[in-house]
Amino acid sequence: MAGSYDRALTVFSPDGHLFQVDYALEAVRKGSCAVGVRGADVVVLGVEKKSVLKLQDERTVKKICMLDEHVCLAFAGLSADARVLINKARIECQSHRLTVEDSVSIEYITRYIAGVQQKYTQSGGVRPFGISTLIMGFDSDKVPKLYQTDPSGVYSAWKANSIGRSSKTVREFLEKNYKEDMNKAESIKLAIRSLLEVVQTGAKNIEIAIMGSDSIVQRLELAEIEAVVAEIEAENEKEKEKSKPSASQ
Amino acid sequence: MDTLVSKYANSASSASFDDADNLGQNMVGWDAASQFALPAFDIPMVANPVDFLRAHTDASAENRIRIQHGTTTLAFKFQGGIVVAVDSRASGGSYIASQTVKKVIEINPYLLGTMAGGAADCQYWERELGRRCRLYELRNKERISVAAASKILSNMVYDYKGMGLSMGTMITGWDKTGPQLFYVDSDGTRMRGERFSVGSGSTFAYGVLDTGYDFNLSVPDALELGRRAIYHATHRDAYSGGSVNVFHVKETGWVFHGNFDVNDLHWEYQAQPKGPIV
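The structure presented is a predicted model; accordingly, all values stated were derived computationally and were not measured.

**Student:** What is the right way to look at the sheet that holds strand 6 (residues 111–114) of chain B in this model?
**Tutor:** All names here are of chain B. With antiparallel pairing, the five strands of this open sheet are ordered in space as 5-6-7-8-9. The sheet is open, and its two borders are formed by strand 5 (104–108) and strand 9 (190–192), each paired with just one other strand. On average, each strand axis in the sheet is tilted by 20° relative to the strand beside it, whichever way the strands run. When strand 5 meets strand 6, the two strands line up antiparallel, connected through four bridges. Across the sheet, isoleucine 105 pairs through a bridge with glycine 113, a residue of strand 6. Strands in contact with helix 5 (residues 146–158) are strand 6, strand 7 (168–175), strand 8 (178–185) and strand 9; relative to strand 7, the strand with the most contacts, it is inclined by about 155°.

So, in structure tokens, the structure goes:
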């Protein structure tokens, strides 16, 4: 069925698919999970951190990147593609500051990244970027923003979303447990809870970044994440106790 | 200037930072650098347009082309926003081509541009600026800032630096950061400021403007100050005259405050007793 239509990017299949783009989405699904949650006045990004190999320097493996002082990006998919795309986005943030004398709005830089991803789906001799991104930040209006892009070049705003491995499960979890206007603690807890659905090994494989309306990024220390994980586990225990049928009638 | 020449030497690839970015030459206008890049133009088919022009306008050239410009325009910030006042004479040498030129260009309901220098240059580039500002609004769902608008204009004309554009303009408006006033000219200068006067009559206007200026002027007094300053410039500068057009820029946008024939102003001010300057 796929046959001859999946080789070249710039060829539609008879049923309207661009197979290379679909396959790029498959590559994204193989990447480690990333989750984003938008609260009342805070945005949280969480990623599943692969276990650092013994001899590897942990500091060089960062999955949550700054595009500018007030914009943060997490991705899922091919890390090398992400590096190139993030570099382009960083240049664009500065180019915007130079020509417009103002920092980028979150929507603007998302539109730019999505535009780059789209450009690579309509050109000869290239393949699409194999990454989806979650972009978060605050504009001058002090309203929290969370956007997602994918290899096809589509972008949209979200209250909470997940990309990468088991993203469907995590998104369903988020849909069930998301509440409007959560405060900072609740948003962080939701992000970590949703990641724990995927990450079996606990706090040391989770990375969290938070941004408040002051547009300053705060990365949680391992100890802080472990504290929230412990809190979540305690709550889970209580839930299990409650749902157990009572011993005496 | 070299960017222009290289644009015509190769195929249309704009200011991209990667070679891999030369995908699809029609992909213009979706990033900051190409969005605000130049409109494509025919330039004179000579090796070096700058030297060509200099050779033909230099004082020592035989039958040199005389590029003339005369105007007085002014704008100043005060507690009630910004007052913009301009004359309306267009002159070609000693010939008065028109006494009813509109030297304030309404870029959009909250941005004004003034014209001094070559009328065609000002009109064309400020209309082009208006187009860019509108595209920015459509793409970003919010109004463009005065700083960005003036930067677009100054970047546009900088590419033609030395090729004979003559434009001294003030871009003014009220945006998120409050009232703003920028001076932009065809040499590539771009300055933020509180008070500017541009044109051949600017020195005369500055004299009256600087003497009478106070940040706390009321709106009617500020409008009168602008009117008077232009009148005095038209009285002494041969290349300024006609009538005075006065605008007031407020938070809700600009307001036109009328057209005043300088002849009538002359007799009106003549009849008034002159107050002490010091």
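**Student:** Please explain the side chain of serine 145 of chain B as it appears in this structure.
**Tutor:** Structurally, serine 145 of chain B can be placed in the loop between helix 4 (119–140) and helix 5. There is a polar contact of 3.1 Å between the side chain of serine 145 of chain B and the backbone nitrogen of alanine 148 of chain B.

**Student:** How should I be thinking about the sheet that holds strand 5 (residues 131–138) of chain A in this particular structure?
**Tutor:** In a beta sheet, neighbouring strands are held together by backbone hydrogen bonds and run either parallel or antiparallel to one another. All names here are of chain A. A sheet is described by the order of its strands in space; here five strands give the open sequence 3-4-5-6-7, paired in antiparallel fashion. Looking at strand neighbours, the two that pair on one side only are strand 3 (64–68) and strand 7 (155–157), the edges of this open sheet. Taking each pair of neighbouring strands and ignoring which way they run, the sheet shows an average axis angle of 25°. For strand 6 (residues 144–149) and strand 7, the ladder comprises three bridges, and the chain directions are antiparallel. Its bridge partner lying in strand 7, tyrosine 147 is registered against alanine 157. With respect to the sheet, helix 2 (residues 79–100) is in contact with strand 3, strand 4 (71–77) and strand 5, its orientation differing from that of strand 3 by roughly 25°.

**Student:** Just checking my understanding: could you explain helix 1 (residues 19–30) of chain A for this structure?
**Tutor:** Think of an α-helix as 3.6 residues a turn; residues three or four steps apart then line up on the same face. Residue and element names in this part refer to chain A. Here helix 1 is 12 residues long and its end C-alpha atoms lie 17 Å apart, about the 16 Å a rise of 1.5 Å per residue gives. Buried within helix 1 are the following residues: Phe19, Val21, Ala24 and Val28. Buried-residue contacts for helix 1 involve strand 4 and strand 5.

**Student:** For this particular structure, what's the right way to read the packing of aromatic side chains?
**Tutor:** Aromatic rings in a pair are described by how distant their centres are and how their planes are angled relative to each other. All names here are of chain B. A full pass over the atoms with the stated rule returns 11 aromatic pairs over all chains. On the numbers, 5.2 Å between centres and 90° between planes, the contact of tyrosine 124 with tryptophan 125 is edge-to-face. The exposure class of tryptophan 125 is buried, given its relative accessible area of 3%. What links up through ring pairs into an aromatic cluster is the set Phe76, Phe78 and Tyr213. Against the face of tyrosine 213 rests arginine 195, its NZ or CZ located 4.4 Å from the ring centre. Over the ring of phenylalanine 260 we find arginine 227; its NZ or CZ atom is 4.4 Å from the centre of that ring.

The rules behind these values
- Along each chain, the written sequence defines residue order, and numbers are assigned to residues from 1.
- Chain A is the first chain written and ligand 1 is the first ligand written, with later ones labelled in order.
- Per-residue local features are limited, in this predicted model, to residues with pLDDT of at least 70; the limit for side-chain atom pairs, both in listing and counting, is 80 or more; totals at the level of whole chains, interfaces and linings are taken over all residues.
- Hydrogens and water are ignored here; the side-chain numbers use all heavy atoms of the structure.
- For two strands to pair, DSSP has to find at least two bridges joining them.
- Numbering goes from the N terminus for both helices and strands, where a helix is a DSSP run of H or I of at least four residues and a strand is a run of E of at least two.
- To define axes, lines are fitted to C-alpha atoms, for helices over the stretch in contact only, and angles between the resulting N-to-C directions are given on a 0 to 180 degree scale.
- Contact definition: two residues touch when any of their heavy atoms are within 4.5 Å.
- For this analysis, a polar contact is any N or O atom pair within 3.5 Å, provided that within protein one partner can donate a hydrogen and the other can accept it, and provided that sequence-adjacent residues contribute only side-chain to side-chain pairs.
- One fewer than the residue count of a helix, multiplied by 1.5 Å, yields its expected span.
- Burial status follows relative accessibility: with a 1.4 Å probe on protein chains alone, a residue under 20% of its type maximum counts as buried, one over 50% as exposed, and anything between as partly exposed.
- Here the aromatic set is Phe, Tyr and Trp, taking the six-membered ring for Trp, and pairing holds for ring centres within 6.5 Å; pairs whose planes are under 30 degrees apart are stacked, those over 60 apart are edge-to-face, and all others are tilted.
- Two conditions define a charge sitting above a ring: the NZ of Lys or the CZ of Arg must be within 6 Å of the ring centre, and it must be within 35 degrees of the ring normal.

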